[in-house]
Amino acid sequence: MAKRQILFLVFIFCAIVAFFTLFFISDSRGYIQTVFSGPQTVLLHLFQIFKISDGKTQQENKALTLELAKMNLIKADNASLHDQFLTSNPPNKNLLPAQIVGMPSFLPGISMPEGYILHAGKKEKVFINAPIIYKDNLIGKVVNLEDHFSKVILVSNKNMSFSGKTTDTGATGIIKGTGNGTIIFDNVLLSDTLKVGDIVVTSGEVDINGKGFPPDLVVGKITSVEKNPSSLFQRASVASLINFSKLTNVFVLLSD
Amino acid sequence: MDKFFLAICFFLAVMLETTVIQLPFVLLLLLVTTIFYRTEWIFIVGLILGIIIDGLTFRHLGETSLFYIIFLLFVFLYEQKFELKTVAFAALMSFVGSFFFFLVFGSQVFILQLIAATIIGSLFFLAFSRIKTPVAKKYNVE
């Protein structure tokens, strides 16, 4: 009986601490993230090395594998910075490079992540709903922030929805994420033309403070069209031009 | 040595769960540790790990801790009814725990993740059963 009493006492103590933490200590995530960001980055890049390489990698020893991970990280950083700053849209002065430290998904390399954890936060002037881009492609937006880290949802996330248009035919509609890497271009008028292979871009939703999705950021390419004459609208499936699971660095679009 | 090995396992589980794979590794490890050790310090471990996971996944601090300690309480209470140290029990509690975990915290592919978590929980149990533990030593069980 005494053992059972101790069990309940420990449980009640832990429950009180958990409740206290839940309601009174909500601003300490930054310290935890700072401590664990190093191992997270190494682990994430190790997984990306094994995704890209073939079976020969398994025979390399651990020291060489870690060295390879570090070298590829540096190469990826340089390549993405070089590529990004050669593009003209959006303006380079507003771009903040950010390293991805976390991208949990069910099966890494097979199922698409729903979001990222970035090594950039309030101290780097990142803000809620800041667009995340890679070259001239829209990747997602910031939904949660700490001092040096932020949580991003991708364009394919179920909670993502914004206005878009096609480049060829000028059809306008709403771009919605449906989960697991899939995007649809919905609420398009039947009188508008959608064709397979057309590129879907953002329409632009910038507010007076300069925040929001700028126009003409690439979302993806139309892969199929669903048009029913008895419906009010037509829709299309959109495939992103970027493989979200392969990225190591992205860019945050800061306001002017 | 046992506790050092456990600490490494928990660290790896936290890293995997928060960085790469959306499966409740920490929950499954806590379950298996509870089955083999059956001591109250598991609650403290669950509390601390839950707070770390909340910090790394941008949840409210304390959410996951609360889930873990409630789950562990049910595992301890269940001890009174049935034998714990079987793979069937480990699989059942992995299934139940993961089911509610995905219900509360969300999942990408619910059924597949649930099946994967149940299998991983059973594998953890089988792996731990090969390692000598204080309970195993006390009852001279292999």
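Residues numbered from 1 in each chain as written. Chains lettered and ligands numbered in written order. Predicted model: local features only at pLDDT ≥ 70, side-chain atom pairs only at ≥ 80, totals over all residues. Heavy atoms only, no water.

A. Quick look at the interface of chain B and chain A. In this assembly, 40 residues from chain B lie in contact with 45 residues from chain A. Summed over both sides, the interface of chain B with chain A buries roughly 3700 Å², with 76% coming from carbon and sulfur. Broken down residue by residue, the surface that chain B buries against chain A is led by Phe58, Leu61 and Gln108 of chain B, which jointly contribute 22%. Remark: the boundary between chain B and chain A carries zero salt bridges. Across the contact surface, chain B and chain A share eight residue pairs in polar contact (both at pLDDT 80 or more). For the side of chain B that touches chain A, the secondary structure elements donating two or more residues are helix 1 (2-19), helix 3 (41-57), helix 4 (63-78) and helix 6 (110-129) of chain B. Top contributing element to the side of chain B that touches chain A by residue count: helix 3 of chain B, with nine residues. Grouping the constituent residues of the side of chain B that touches chain A by class yields 23 nonpolar, eleven polar and six charged. (Contact = heavy atoms within 4.5 Å. Buried area = accessible area lost by both parts, 1.4 Å probe. Salt bridge = Lys/Arg side-chain N within 4 Å of Asp/Glu carboxyl O. Polar contact = N/O pair within 3.5 Å; in protein donor to acceptor, adjacent residues only side chain to side chain. Helix = DSSP H or I, 4+ residues; strand = E, 2+ residues; numbered from the N terminus. Nonpolar A, V, L, I, M, F, W, Y, C, P; charged D, E, K, R; others polar.)

B. Here's a closer look at the layout of surface pockets. Volume-wise, the largest pocket comes out at about 830 Å³. Taken together, 32 residues make up the lining of the largest pocket; nearest its centre are Glu114 and Lys151 of chain A together with Gln22, Phe105 and Gly106 of chain B. Taken together, the elements giving at least two residues each to the lining of the largest pocket come down to strand 2 (115-118), strand 4 (137-145), strand 5 (150-154) and strand 7 (172-179) of chain A together with helix 1, helix 3 and helix 5 (87-105) of chain B. Its residues placed into classes, the lining of the largest pocket shows 13 nonpolar, 13 polar and six charged. Here the lining of the largest pocket gathers at least three residues from each of two domains, domain 1 (29-155 + 243-253) and domain 2 (161-239) of chain A. (1 Å grid on protein atoms, 1.4 Å probe; cavity = no way out; pocket = protein on both sides within 12 Å on 5 of 7 lines; lining within 4 Å. Points joined across faces, edges and corners; volume = space filled by probe spheres on them. Domains from an automatic or database assignment.)

C. Spatial organisation of the pairing of strand 2 of chain A. Residue and element names in this part refer to chain A. Going residue by residue along strand 2, you find Gly115 and Ile117 tucked away on one face and Tyr116 and Leu118 tucked away on the opposite face as well. In this sheet, strand 2 lies alongside strand 1 (residues 95-102) in antiparallel orientation, the contact comprising two bridges. From the neighbouring strand, Gly102 faces strand 2, where its bridge partner is Ile117. As defined by bridge partners, strand 2 adjoins strand 5 across four bridges and the pair is classed as antiparallel. Within the sheet, the bridge partner assigned to Ile117 lies in strand 5 and is Lys151. (Buried < 20%, exposed > 50% of the residue type's maximum accessible area, 1.4 Å probe, protein only. Pairing = 2+ DSSP bridges.)

D. Representation of the packing of aromatic side chains. Residues and elements named next belong to chain B. Overall, the coordinates contain 19 aromatic pairs over all chains when judged by the stated rule. Here the aromatic rings of Phe43 and Phe76 are separated by 5.4 Å at their centres, their planes lie at 20°, and the arrangement is stacked. In this pair, Phe43 is assigned in helix 3 and Phe76 in helix 4, connecting sequence segments 33 residues apart. For Phe76, a relative accessible area of 4% translates into the label buried. With a centroid separation of 5.8 Å and 70° between ring planes, the pair formed by Phe67 and Phe105 is classed as edge-to-face. (Phe/Tyr/Trp six-rings, centres within 6.5 Å; stacked < 30°, edge-to-face > 60°.)

E. Inspection of the pairing of strand 8 (residues 182-189) of chain A at higher detail. Residue and element names in this part refer to chain A. When strand 7 meets strand 8, the two strands line up antiparallel, connected through five bridges. Residue Lys176 lies in a different strand from strand 8, and its bridge partner there is Ile184. Hairpin connection, strand 7 to strand 8: the antiparallel pair is bridged by two residues, and Asn180 has positive phi, about 55°. Note that strand 8 and strand 11 (residues 233-239) share five bridges and pair antiparallel. The residue bridging Ile184 from the neighbouring strand is Ser237, located in strand 11.

F. A look at the nonpolar core. Grouped together as the largest cluster of nonpolar side chains are 60 residues, with contacts concentrated most on Val14, Leu23, Val26, Phe43, Tyr68 and Ile69 of chain B. Here this core takes eleven residues from helix 2 (residues 25-37) of chain B, the largest share from any one element. Excluding anything up to four places from it in sequence, Tyr68 of chain B contacts Glu17, Val26, Leu27, Leu30, Gly46, Gly50, Ile53 and Phe101 of chain B. Counting 46 residues, the second largest nonpolar core, distinct from the first, contains Ala98, Phe127, Ala236 and Ile242 of chain A. (Core = buried A, V, L, I, M, F, W, Y, C linked by side-chain atoms within 4.5 Å.)

G. Seen up close, the pattern of salt bridges. Residue and element names in this part refer to chain A. Under the criterion given, the structure shown has four salt bridges over all chains. One salt bridge in this structure joins Lys165 and Asp216, with 3.5 Å as the shortest N-O distance. Taken together, the residues Lys165 in strand 6 (residues 161-166) and Asp216 in the loop between strand 9 (199-202) and strand 10 (218-226) connect sequence positions 51 residues apart. With its nearest N and O atoms 3.5 Å apart, the salt bridge here joins Lys176 to Asp186. On the criterion of sequence distance, the pair formed by Lys176 in strand 7 and Asp186 in strand 8 is long-range, its members being ten residues apart. Among the residues examined, Lys176 registers a relative accessible area of 28% and is labelled partly exposed.

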